[in-house]
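Residue strings, one per chain:
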Amino acid sequence: MKWSLQDTRSRYYVEWLVFVVVLCLLALMLQSTRVIRWLDNQTYYRLWSAQSAFTQSQSDADPRIVIVTIDNESLKANGQWPWPRSTHAKLLEQIAAAQPAGVALDLILTEPAINPNDDRLLAQALTHIPNSVLPVLLQQDAANDAIETQKPVTILSDQTRLGHINPLIDLDGVLREIPMTLIDQNGVTWSTLTSQLLPAEHQRPQGNLRIPFAIQADPFISIPYDQVLRGQVPH
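These notes cover the structure that comes with them. Everything numeric in this text was worked out from a predicted model, so none of it was measured.

So, how was this worked out
Residues numbered from 1 in each chain as written. Predicted model: local features only at pLDDT ≥ 70, side-chain atom pairs only at ≥ 80, totals over all residues. Heavy atoms only, no water. Core = buried A, V, L, I, M, F, W, Y, C linked by side-chain atoms within 4.5 Å. Buried < 20%, exposed > 50% of the residue type's maximum accessible area, 1.4 Å probe, protein only. Helix = DSSP H or I, 4+ residues; strand = E, 2+ residues; numbered from the N terminus. Contact = heavy atoms within 4.5 Å. Salt bridge = Lys/Arg side-chain N within 4 Å of Asp/Glu carboxyl O. Expected span 1.5 Å × (residues − 1). Arc of directions from axis to C-beta. Pairing = 2+ DSSP bridges.

### A word on the nonpolar core
Of all hydrophobic cores here, the largest spans 28 residues; its most connected members are L92, L122, L134 and L156. Among the elements that make up this core, the one with the highest residue count is helix α3 (residues 85-97) (five residues). Excluding residues within four positions of it along the chain, L92 makes contact with V103, L105, L122, A125, L126 and I129.

Structural data, given as structure tokens:
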């Protein structure tokens with residue numbers, strides 16, 4: 001069977017038409033997924049706002065949770081950030097005296113201190129808090145998509161448990177969820193920093209946790225870092 005030049009051109013146009021249609025359909029599918037995600041986020045926010053307004057409650061913040069804040073007054077009292085790890089050691093010693101149920105020290109400690117003795121003092125302070133946890137960073141390698149793990153220096157990580165602090169950022173740049181577990185390049189499963197403080201029977205399964213952001217300000221009990229450093233620790 002012979003093909004004429006006109007037939008060849010017609011076949012060429014049809015193939016390109018099909019190709020363009022497929023691309024359009026794929027684009028619509030991608031866009032519809034984003035729209036559904038956006039609608040889901042907006043619905044979640046509206047429901048949470050309505051619930052908070054109806055109950056006239058700040059949030060369901062657990063009163064047993066106390067946040068030690070690095071505020072402006074603490075910066076004025078202790079100098080420019082970052083502070084020596086010996087300062088964090090003193091803070092933990094003050095907290096340990098109050099016998100807390102657990103402490104999550106949310107500081108990136110992946111490199112050795114300038115003064116090695118500071119790491120030793122902080123490691124010693126961690127031993128005085130039986131239920132403590134430090135953060136690990138899980139970063140995706142752009143070259144091979146592997147998730148690389150950055151742990152605290154060994155002298156510190158040997159004295160405590162570890163948990164990840166990686167959030168999930170939505171397409172609109174808003175943080176609404178946190179993955180309860182992540183798997184690194186070595187197949188190790190990492191739970192979140194705060195979940196490591198909980199007993200095993202209270203651990204959440206794998207999946208993403210929606211963050212119930214408080215509508216009103218300051219729902220959690222918070223104390224300035226310098227105030228705790230001076231021994232003013234709630235019991």
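### So, the pattern of salt bridges
Evaluation of the coordinates by the stated rule reveals three salt bridges. Residue R85 is joined to D119 by a salt bridge in which the shortest nitrogen-to-oxygen separation is 2.7 Å. Of this pair, R85 sits in helix α3 while D119 is found in helix α4 (residues 116-127), placing the two residues 34 residues apart along the sequence. No difference in accessibility class separates R85 from D119, as the two residues are buried.

### Thoughts on α4
The end-to-end C-alpha distance of α4 is 17 Å, a good match for the 16 Å that 12 residues give at a rise of 1.5 Å each. For α4, the complete set of buried residues consists of D118, D119, L122, A123, A125 and L126. Seen along its axis, α4 keeps its buried residues to an arc of 160°; they face one direction. Packing partners of the buried residues in α4 comprise α3, β3 (132-140) and α5 (154-157).

### Some words on the environment of S86
Within the fold, S86 resides in helix α3. Once the C-alpha coordinates of S86 and D119 are considered, the two residues, 33 residues apart in sequence, prove to be 7.3 Å apart. Sequence-distant contacts of S86, that is, excluding residues within four places in its chain, are made with D118 and L121.

### So, the environment of S191
Inspection of the secondary structure assignment puts S191 in strand β9 (residues 189-191). For S191, a relative accessible area of 18% corresponds to the buried category. In this structure the C-alpha to C-alpha distance between S191 and H164, which are 27 residues apart in sequence, comes to 6.1 Å. When neighbours within four sequence positions are excluded, S191 is seen to be in contact with G163, H164, M180, T181 and Q196.

### Structural notes on the sheet that holds strand β7 (residues 175-179)
Strand order across the open sheet formed by three strands is β6-β7-β10, with antiparallel pairing between neighbours. Both edges of this open sheet fall to β6 (168-169) and β10 (208-210), since each of them pairs with a single strand only. Both β6 and β7 contribute to a ladder of two bridges, which runs antiparallel. Within β7, the position partnered with I169 by the bridge is L175.

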